[in-house]
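# Commentary on secondary and tertiary structure
Each chain, written out:
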Amino acid sequence: MADHFVTIASGRYQRGSDRHYPEERPAVTMRLPGFALAVTPVSNADFARFVSATGHVTQAESAGRPGSAVFLPTDGPVDLTTPCWWHFVDGACWHAPEGPGSSINHRQDHPVVHVAQADAQAYARWADARLPSEAEWEAGARAGLADADYAWGDELMPDGRLMANIWTGSFPWYFARGARAGTSAIGSFPAIGNGLYDMIGNVWEWTSTPARPGATPERGCCAPDAGDAGDAGDDRLIITKGGSFLCAAEYCQRYRPAARIAVTASMTSAHIGFRLARDGQPGD
C-alpha cells in the first residue's frame, strides 16, 4: 500500500522532545501545510517494480566495493559501546539482503532495505512523490497525540501488547521472538491512530531533512561505522526517523516519534528504508 496515502491536515505540530536523547532537543512547534504520507513504507515488491520499469541500480550494487552493512547477532553479551554486530557484507543489496545466496523471495511484503537516500529519491520521482521532511514524518507519526512518548500513547506495551517490530530479549545476542531479528512483513503490527503502519520500528526511514550544523553521524545499534556501511562518498548528514528492529529498551530507546538519528546520505544497511510523501491533500 505504498501508493495509498493518509492526509495530514495543515496545522501546528510538535517536533522533538525535551525528555529523551539530547539530539531530540529542543521540542519545537511548527506550522505545516497539509500534505499526504504513504500508509506504509516501500516494500521489496514495490521496489522490484521500480527497478523493472527503470533499470535502476542501487548504490549498494554500484559502489566501488559492492555490498552493504548487515546485522549479525553476537554469541553472547558484549560491550555495548563497541558495535561489533555490524558487518560489511560483499554483495549485500536490496534483493540479496544478507549477501550472495540470500533473497527476498519470501519477503516481498517486507520494507526494502540497503537503499541510500539517492535510491529512495529516485523511487520517489518515479512514483510522482517525494520523501517527507522530518517535521512531516513526525507529524504523521504522532497521529494527533501531541506530546505522547509513543505513536500510540504513553505506554510502550499497552495491556502487554507489542505495538512495533523492536528488539525483545537481550541486545545484541538473544532475540526473544524467534530464530532471528530482522524486518517483518509490513502491517504485522497495529496501525497508529491515523491509519499509518510501521511508523515505529521495523526500519529507519529516510527523510529529506539535513541534520543540524555540527551534528555527528550516529554510530552503534542505530547505524554502522562508515567502514562497515557501504558508504560511497556522499557525506551529507540526513535525518532518519522511526527506529528499527534493532532498537532495544536497554540500549536504544529510539522507537518514538521524536527520535532522530543523523546518517550519511550514502549509508546503506539492513535496517534503513523509506516511505513517500506528496504535497497537498490527495485522497487515497
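Only a predicted model underlies this, so the values are computations on that prediction, with no experimental measurement involved.

If you tally the helices and strands in the chain, you get four helices and 13 strands. C-alpha atoms of the chain, sized along the principal axes, occupy 45 × 45 × 40 Å. A buried classification covers 57% of the 284 residues belonging to the chain. For the chain, the share of sequence-separated contacts (at least 6 apart) that also reach a separation of at least 24 residues comes to 75%. Summed over all atoms, the accessible surface of the chain reaches about 11400 Å², with 52% contributed by carbon and sulfur. Separation between the mean location of the 23 positive side-chain charges and that of the 32 negative ones in the chain comes to 4 Å.

A few words on the environment of Gly55. With respect to the helices and strands, Gly55 occurs in the loop between helix H1 (44-54) and helix H2 (59-62). Residues Gly55 and Asp90, 35 residues apart in the sequence, show an inter-C-alpha distance of 21 Å.

To continue, consider the nonpolar core. Counting 54 residues, the largest nonpolar core has Phe47, Tyr123, Met199, Trp206, Phe274 and Leu276 as the members making the most contacts within it. Counting residues in each nonpolar core, the second largest holds eleven residues, with Phe171, Ala181, Phe245 and Leu246 among its members.

Counting buried positions along strand E5 (residues 67-71) gives five out of five residues, so the element sits mostly inside the fold. Across five bridges, the pairing between E5 and strand E6 (residues 86-90) is antiparallel. Counted as the bridge partner of Phe71 is Trp86 from E6.

Attention shifts here to the packing of aromatic side chains. By the definition in use, this model includes 18 aromatic pairs. Ring geometry for Phe71 and Phe171: centres 6.2 Å apart, planes at 20°, overall stacked. Taken together, the residues span a long stretch of sequence, with Phe71 in strand E5 and Phe171 in the loop between strand E7 (169-170) and strand E8 (174-175) at a distance of 100 residues. An identical accessibility class is assigned to Phe71 and Phe171; each is buried.

So, on to helix H4 (residues 134-142). For H4, a buried count of nine out of nine residues is recorded, marking the element as mostly surrounded by other parts of the structure. If you check which residues of H4 are buried, you get Glu134, Ala135, Glu136, Trp137, Glu138, Ala139, Gly140, Ala141 and Arg142. The first or second residue beyond H4 is Ala143, which carries a positive phi of 50°.

Where H1 contacts helix H3 (residues 117-126), the axes come no closer than 11 Å and their chain directions differ by 75°. Taken together, the axis directions place H1 and H3 in an arrangement best described as roughly perpendicular. Residue-level contacts link Asp46, Phe47, Arg49, Phe50, Ala53 and Thr54 of H1 to Asp119, Ala122, Tyr123 and Trp126 of H3. Taken together, the residues of the contact of H1 with H3 break down into six nonpolar, one polar and three charged.

For the rest of this paragraph, the subject is the sheet that holds strand E4 (residues 35-38). Pairing within the open sheet is antiparallel, and its three strands lie in the order E1-E4-E13. Two strands bound the open sheet, and with one partner strand each, they are strand E1 (5-8) and strand E13 (277-279). Sheet twist, expressed as the mean angle between neighbouring strand axes with direction ignored, is 25°. For E4 and E13, the ladder comprises three bridges, and the chain directions are antiparallel. If you follow Leu37 over to E13, its bridge partner there is Ala277. Relative to the sheet, H4 contacts E1, E4 and E13, its axis offset from that of E4 by approximately 70°.

Backbone torsion omega between Arg25 and Pro26 reads -5°, so that peptide bond is classified as cis. With respect to the helices and strands, the residue Pro26 is situated in the loop between strand E2 (11-15) and strand E3 (28-32). Residues Phe171 and Pro172 are joined by a peptide bond in cis, for which omega reads 0°. Tracing the sequence through the fold places Pro172 in the loop between E7 and E8. Positive phi is not limited to glycine here, since Asp128 has a value of about 55°. A relative accessible area of 65% places Asp128 in the exposed class. For Ala143, which is not a glycine, the phi torsion comes out positive at approximately 50°.

Cut-offs and rules
Residues numbered from 1 in each chain as written. Predicted model: local features only at pLDDT ≥ 70, side-chain atom pairs only at ≥ 80, totals over all residues. Heavy atoms only, no water. Helix = DSSP H or I, 4+ residues; strand = E, 2+ residues; numbered from the N terminus. Buried < 20%, exposed > 50% of the residue type's maximum accessible area, 1.4 Å probe, protein only. Contact = heavy atoms within 4.5 Å. Areas by Shrake-Rupley, 256 points an atom, 1.4 Å probe, with all protein chains shown as cover. Lys, Arg positive; Asp, Glu negative; His and termini not counted. Charge placed at Lys NZ, Arg CZ, Asp CG, Glu CD. Core = buried A, V, L, I, M, F, W, Y, C linked by side-chain atoms within 4.5 Å. Pairing = 2+ DSSP bridges. Phe/Tyr/Trp six-rings, centres within 6.5 Å; stacked < 30°, edge-to-face > 60°. Axes fitted to C-alpha atoms, helices over the stretch in contact; angles between N-to-C directions. Parallel < 35°, antiparallel > 145°, perpendicular 65-115°, else oblique. Nonpolar A, V, L, I, M, F, W, Y, C, P; charged D, E, K, R; others polar.

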